[in-house]
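Structural overview for review
Given next are the chains, with one letter for each unit.
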Amino acid sequence: MFTVNAYAATSATAPLAPTTVERREVGPHDVLIEIAYAGICHSDIHHARSEWGPQAYPVVPGHEIAGIVTRVGSEVTRFSVGDRAGVGCLVDSCRECDHCRGGQEQYCAKGVLTFGSVDGDGQPTQGGYSTHIVVTEDFVLSIPEGIDLAAAAPLLCAGITTFSPLRRWNAGPGARVAVVGFGGLGHMAVKFAHAMGAEVTVLSQSLRKQDDGLRLGADRYYATGDPTTFAELAGSFDLIINTVSAKLDLDAYLGLLAAEGTMVNVGAPAEPLSLNVFSLLTQGRSYAGSLIGGLVETQEMLDFSAEHGINAEIEIIPASAINEAYERVLASDVRYRFVIDTATLA
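Throughout what follows, the structure given in this document is the object of discussion. Model, not experiment: these values are computed from the prediction.

Now for the packing of helix α5 (residues 184–196) against helix α10 (residues 295–308). Contact geometry of α5 with α10 gives a least axis separation of 11 Å together with a crossing angle of 70°. By the criterion of interaxial angle, the relationship of α5 to α10 is roughly perpendicular. Facing α5, whose interface residues are Phe192, Ala195 and Met196, α10 presents Met301, Phe304, Ser305 and His308. Residues of the contact of α5 with α10, tallied by class, amount to 5 nonpolar, 2 polar and no charged.

Judged by pairing direction, the sheet is parallel, and its 6 strands sit side by side in the order β12-β11-β10-β13-β14-β15 without closing on themselves. The sheet is open, and its two edges are formed by β12 (220–223) and β15 (286–289), each paired on a single side. Here the average twist between neighbouring strands, direction ignored, is 20°. Here 4 bridges tie strand β10 (residues 176–180) to strand β13 (residues 237–242), and the two strands are oriented parallel to one another. Within β13, the residue paired with Val179 across the bridge is Ile241.

The next thing to look at is unusual backbone geometry. In this structure, the amide linkage connecting Tyr57 to the following residue, Pro58, adopts the cis form with an omega of 0°. Its place among the elements puts Pro58 in the loop between α1 (42–48) and β4 (65–72). Cis geometry is found at the peptide bond from Arg335 to Tyr336, where omega equals 0°. Considering the arrangement of structural elements, one finds Tyr336 in the loop between α11 (322–330) and β17 (337–341). Positive phi, normally seen in glycine, also occurs at Arg95, with a value near 70°. By the secondary structure assignment, Arg95 is in the loop between β6 (90–92) and α2 (98–101). Since its relative accessible area comes to 37%, Arg95 is described here as partly exposed.

Time to look at the environment of Ser142. Here Ser142 is to be found in strand β9 (residues 141–142). Counting along the chain gives 114 residues from Ser142 to Pro28, while the straight-line C-alpha distance between them is 19 Å. Excluding its chain neighbours within four sequence positions, the residues that come into contact with Ser142 are Phe79, Arg84, Gln299 and Leu302.

Attention now moves to the nonpolar core. Core analysis: the largest hydrophobic core is formed by 64 residues, its most contacted members being Leu166, Val177 and Phe192. Per-element accounting of this core gives the leading share, 7 residues, to α5. What Val177 contacts, discounting residues up to four positions off in sequence, is Leu166, Ala171, Ala193, Ala198, Glu199, Val200, Thr201, Phe237 and Leu239. Ala48, Val334, Phe338 and Ile340 belong to the second-largest nonpolar core, a separate cluster that totals 26 residues.

Rolled over the atoms, a probe sized like a water molecule indicates the empty space that remains. For the second largest pocket, the calculated volume is near 500 Å³. Together, 23 residues line the second largest pocket, and Arg24, Asp119, Gln123, Thr125 and Val134 are the ones closest to its centre. Elements that contribute at least two residues to the lining of the second largest pocket include exactly β2 (17–23), β6 and β8 (132–136). Taken together, the residues of the lining of the second largest pocket sort by class into 8 nonpolar, 7 polar and 8 charged.

Looking now at the pattern of salt bridges. Scanning the model with the defined rule gives 13 salt bridges in all. Ionic pairing is found between Glu315 and Arg328, a salt bridge with its closest N-O pair at 3.0 Å. Taken together, the residues span a long stretch of sequence, with Glu315 in strand β16 (residues 314–317) and Arg328 in helix α11 at a distance of 13 residues. When its relative accessible area of 28% is taken as the criterion, Glu315 is described as partly exposed.

In this section: a nonpolar patch on the surface. A surface patch of nonpolar side chains, amounting to about 380 Å² of accessible area, comprises Leu275, Val277, Phe278 and Leu281. For Phe278, the position within the fold is in helix α9 (residues 278–281).

In this section: α5. Helix length check: α5 (13 residues) gives 19 Å between terminal C-alpha atoms against 18 Å at 1.5 Å per residue, within 8%. In terms of burial, α5 is largely enclosed, as 11 of its 13 residues are buried. Those residues of α5 that sit buried are Gly184, Leu185, Gly186, His187, Met188, Ala189, Val190, Lys191, Phe192, Ala193 and Met196. In this structure, the buried residues of α5 make contact with α4 (158–168), β10, β11 (199–204), α6 (210–215), α10 and β17. Gly197 sits one or two positions beyond α5 and adopts a positive phi of about 100°.

So, how was this worked out
Residues numbered from 1 in each chain as written. Predicted model: local features only at pLDDT ≥ 70, side-chain atom pairs only at ≥ 80, totals over all residues. Heavy atoms only, no water. Axes fitted to C-alpha atoms, helices over the stretch in contact; angles between N-to-C directions. Helix = DSSP H or I, 4+ residues; strand = E, 2+ residues; numbered from the N terminus. Parallel < 35°, antiparallel > 145°, perpendicular 65-115°, else oblique. Contact = heavy atoms within 4.5 Å. Nonpolar A, V, L, I, M, F, W, Y, C, P; charged D, E, K, R; others polar. Pairing = 2+ DSSP bridges. Buried < 20%, exposed > 50% of the residue type's maximum accessible area, 1.4 Å probe, protein only. Core = buried A, V, L, I, M, F, W, Y, C linked by side-chain atoms within 4.5 Å. 1 Å grid on protein atoms, 1.4 Å probe; cavity = no way out; pocket = protein on both sides within 12 Å on 5 of 7 lines; lining within 4 Å. Points joined across faces, edges and corners; volume = space filled by probe spheres on them. Salt bridge = Lys/Arg side-chain N within 4 Å of Asp/Glu carboxyl O. Patch = residues over 30% accessible without salt bridge, like charges linked within 9 Å, V, L, I, M, F, W, Y side chains within 5 Å. Areas by Shrake-Rupley, 256 points an atom, 1.4 Å probe, with all protein chains shown as cover. Expected span 1.5 Å × (residues − 1).

Below, the structure written as structure tokens:
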């Protein structure tokens, strides 16, 4: 074991603070990554504050990790010292279930989360708000040279979370796609849907970010706070990607789908949502959920991003600003993803 600097939550109410955590020694199949940047995801806040259930403290959040390989195990074949590497939401799985064999490791019942989970040795996992991390080779992603390393970090969660459902529900030429919310997830959904060739509409509470939305690839931008929006856009979309982590009137949004259209939830509100089943039945609509993506698809997303020049829009902060950044995320005061410069942990 060796010790690294980190930032951790020590309770659901205490601010995150500097600490140290233990990392395992590099085994035969392991990769040691010196973390350069770690994105701040809304789910980090949910976990740090025990909003999704009890959390074992202390916990070091962070599952949007980008850095440089500094050591590899004797049997590692895919990475070498000096490679650009990333880690997302998972650091292990059972490797044997139908989900794992099908490249859908995110649905494995024995999946090991990057933080707030327990690894195969029975030790709590600690995330990317730290200077180094050791991960088994199979769960490390290669970050192409065409992507800025800092802007790559949010792709490991925000990127794959939106890329996966767009691909699964065929967001290509001729598809009419609406993105609900224009934040960390929403701006990535717009970029990907545009690059895939879809007609893209943003549905946001106000028109405050309209200029950004149109600049980043949206064809249209509507304010859901305007009561005429839902009447004007009724039956307009083949696919709706809902990125917000707040309670919505699902029936109103389902009414925006064309016949046999699908609304996919990728935002994860802490409280339950409800709907009238007739919102689905009368037009053969579907309501679905999607959780990040498997390892192969995540690598495909990174390669697609490099090919199309897609990066996350980021604001780089020092570790000392993490608590302020959390409050700004909750206030929707970020354009569009905070990224921690982990050199400030040294």
